[in-house]
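The lines below spell out each chain.
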Amino acid sequence: MYDGPIIDLDVHHNWKSQDDVMPYLPKGWQDYVTAPGPTVKQPMSVSMGFVNPHGFFREEGLLEDGSFPASDPVEVARRHLDASRITRAVLTHEDVLYLDALPNPFFAAEVARAANDWTADRWLPADSRFRASILVSNQLPDLAAAEIRRMSSVDRFDQVLMASNGIGKPFGHPSLDPIHRAAAEAGLPISFHVGAPGGIAASPIGFGYPNYYVEFHTLSCQSAMTHLVSLIAHGVFERYPALKVVLVETGSAWIPAILWRLDANYRARPSDTPWLKRPPSEYFRDHIRATTQPLETPEGIERLWHLLEAAGGEDVLCFASDYPHWDSDPVDFIEESLPQQWLPKVFHENACEVFGWSPDELEAEAATARGANTPA
């Protein structure tokens, strides 16, 4: 069994109710949410829009008081970090992650700001293993860049996080350059948690909204394809050569095919993107990583290994559980599904490279945790 450090890049922490985060909003925006009147109130969190008939959470994740799973940091540490031997866990929010489905862009920006302050106050002090994401709304990129600059100096906020598409353009589009630039200047990776509702101006999949959850859940990788191609084609990594991007909750089996197509079209029409100096697949391998969850499971898992090797295999994947969702992938599932020689890179080395974390420091944290969990 693998016994080294484990970094989890996708733990969805939640509030018990929007009252938890309300104090972090300015008074005017609190009134916007709560003031009486006949109009429909803006929600503090955003519905997925596509209903899973059996819910989104594992039943055993519910807290004893009936609260949402992952709404108590102490319980997340006990039920997930301790139980799964997690050395560090990157917090990625729950429904508020989809704030770019809110129609008021200024409210979306304020909700992101409040969620970041709430995370800093309520979650990071609870356990040193937690790492936070700077949640931003992409509807107003200049405000998002200001939020990145504000939070990048706060200890243990280690990435920028976006999900829903609030501008109706792929995430490599020049209109989002303030976000790319602010993240690069702060030395932070950008995590695109795709597979979310499309946002105020975009569908979550190609060519319109699906009708059924099974459609949405199956096709959500299409948004990842769009953003990946856009980031490379627009030359984002030529402008910001140190920038890293993590594709979260997208699956990975589709990556080789999209890179093959992109490389072929680049070779056929290099004048279309003259700012690119290398084949697109090289930018991918240098700048983009993908999380393991949801890991495709074909009959004969070795087929997946051979496919992923075409995109870089062990150098591309980073472990993510998607805790506490119904389709989360636990550590032992990844241990059993990937080649054993891949596991050190997948479980921690690739994430250390993306986040600029010290592998030696991580090893020491893992050793301390193992000692603490060893019976006397």
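Everything that follows concerns the structure shown earlier in this document.
The structure reproduced in this document is the subject of the present report.

1. Here we look at the overall build of the protein
Helix and strand counts for the protein come out as 14 helices and eight strands. Per-residue burial for the protein yields a buried fraction of 54% across its 376 residues. Taking all contacts inside the protein whose residues are at least 6 apart in sequence as the whole, residues at least 24 apart take part in 79%. Total accessible area on the protein is roughly 16,100 Å²; 54% of this is exposed by carbon and sulfur atoms.

2. Details of the pattern of salt bridges
Scanning the model with the defined rule gives 20 salt bridges in all. Glu 75 is the partner of Arg 79 in a salt bridge, and the nearest nitrogen-oxygen pair spans 2.9 Å. A residue pair is termed a helical-turn pair when its members lie 3 or 4 positions apart in one helix, as Arg 79 and Glu 75 do in helix H2 (residues 73-84) at four residues. Judged by relative accessible area, which is 24%, Arg 79 ranks as partly exposed. The exposure class of Glu 75 is buried, given its relative accessible area of 19%. Arg 129 is the salt-bridge partner of Asp 127, the closest N and O atoms lying 2.9 Å from each other. We note that Asp 127, like Arg 129, is buried. Taken together, the shared-partner salt bridges connect Arg 113, Asp 117, Glu 147 and Arg 150 into one network.

3. Section: the pairing of strand E4 (residues 157-162)
Most of E4 is tucked away, with six of its six residues classed as buried. As paired elements, strand E3 (residues 130-135) and E4 share four bridges and run parallel to each other. When the bridges of E4 are listed, Ile 134 appears paired with Val 160. Between the parallel pair E3 and E4, the chain is carried across by helix H4 (residues 141-151), and the sense of this crossover is right-handed. Both E4 and strand E5 (residues 190-193) contribute to a ladder of three bridges, which runs parallel. What sits directly across from Met 162, in E5, is Phe 192. The handedness of the E4 to E5 crossover, carried by helix H5 (residues 177-186), is right-handed.

4. Considerations on the side chain of Ser 230
Inspection of the secondary structure puts Ser 230 in helix H7 (residues 221-233). Dropping the residues within four chain positions of it, Ser 230 is found in contact with Pro 170, Phe 171, Gly 172 and His 173.

5. Brief notes about the packing of aromatic side chains
Tallied over the full model, the rule gives 11 aromatic pairs. Note on Trp 15 and Trp 118: the rings are 5.2 Å apart at their centroids and 70° apart in plane angle, and the pair reads as edge-to-face. Remark: Trp 118 occurs in helix H3 (residues 105-122) and Trp 15 occurs in the loop between strand E1 (7-11) and helix H1 (27-34); sequence separation between them is 103 residues. Trp 15 gets classed as buried once you look at its relative accessible area, which sits at 6%. Arranged with centres 6.2 Å apart and planes meeting at 65°, the rings of Trp 118 and Trp 123 form a pair that is edge-to-face. Judged by relative accessible area, Trp 123 falls into the buried class, the value being 1%. Taken together, the ring pairs connect Trp 15, Trp 118, Trp 123 and Phe 130 into an aromatic cluster. Here Arg 88 stacks its cationic end above the ring of Trp 357, 4.8 Å away from the centre of that ring. Taking the ring centre of Trp 357 as reference, the NZ or CZ of Arg 131 above it sits at 5.9 Å.

6. A few points about unusual backbone geometry
With an omega of -5°, the peptide bond running from Gln 293 to Pro 294 counts as cis. Of note, Pro 294 is situated in the loop between strand E7 (288-291) and helix H11 (302-309). Here the amide bond leading from Tyr 323 into Pro 324 is cis, since omega sits at 5°, within 30 degrees of zero. Mapping Pro 324 onto the fold places it in the loop between strand E8 (317-318) and helix H12 (331-337). The phi dihedral of Glu 249 falls on the positive side, at around 60°, and the residue is not glycine. Owing to a relative accessible area of 15%, Glu 249 belongs among the buried residues under this scheme.

7. Considerations on the environment of Val 194
Topologically, Val 194 is positioned in the loop between E5 and helix H6 (213-219). For Val 194, a relative accessible area of 2% translates into the label buried. Along the primary structure Val 194 and Met 225 are separated by 31 residues, whereas in three dimensions their C-alpha atoms are 9.8 Å apart. If near-sequence neighbours (up to four positions away) are discounted, Val 194 is found in contact with Ser 223, Ala 224, His 227, Val 248, Glu 249 and Thr 250.

8. Here we look at the nonpolar core
Judged by nonpolar contacts, the single largest core of 91 residues is most densely connected at Phe 130, Phe 192, Ile 232 and Phe 237. By residue number, the principal contributor to this core is H3, which donates seven residues. Apart from residues no more than four positions distant in its own chain, Ile 232 is found in contact with Phe 237, Leu 262, Leu 276, Pro 280, Tyr 283, Phe 284 and Ile 288. Membership of the second largest hydrophobic core comes to 13 residues, among which are Val 90, Val 246, Cys 352 and Leu 362.

9. Section: the sheet that holds E7
Judged by pairing direction, the sheet is parallel, and its eight strands sit side by side in the order E1-E2-E3-E4-E5-E6-E7-E8 without closing on themselves. Strands with a single pairing partner mark the edges of an open sheet, and in this sheet they are E1 and E8. Note: strand E2 (residues 88-91) against E3, two bridges, orientation parallel. What sits directly across from Val 90, in E3, is Arg 131. Contacting E1, E2 and E3, H2 runs over the sheet at an angle of about 120° to E3.

Analysis parameters
- Residues numbered from 1 in each chain as written.
- Predicted model: local features only at pLDDT ≥ 70, side-chain atom pairs only at ≥ 80, totals over all residues.
- Heavy atoms only, no water.
- Helix = DSSP H or I, 4+ residues; strand = E, 2+ residues; numbered from the N terminus.
- Buried < 20%, exposed > 50% of the residue type's maximum accessible area, 1.4 Å probe, protein only.
- Contact = heavy atoms within 4.5 Å.
- Areas by Shrake-Rupley, 256 points an atom, 1.4 Å probe, with all protein chains shown as cover.
- Salt bridge = Lys/Arg side-chain N within 4 Å of Asp/Glu carboxyl O.
- Pairing = 2+ DSSP bridges.
- Right-handed = clockwise from strand over helix to strand, strands pointing away.
- Phe/Tyr/Trp six-rings, centres within 6.5 Å; stacked < 30°, edge-to-face > 60°.
- Lys NZ or Arg CZ within 6 Å of the ring centre and 35° of its normal.
- Core = buried A, V, L, I, M, F, W, Y, C linked by side-chain atoms within 4.5 Å.
- Axes fitted to C-alpha atoms, helices over the stretch in contact; angles between N-to-C directions.

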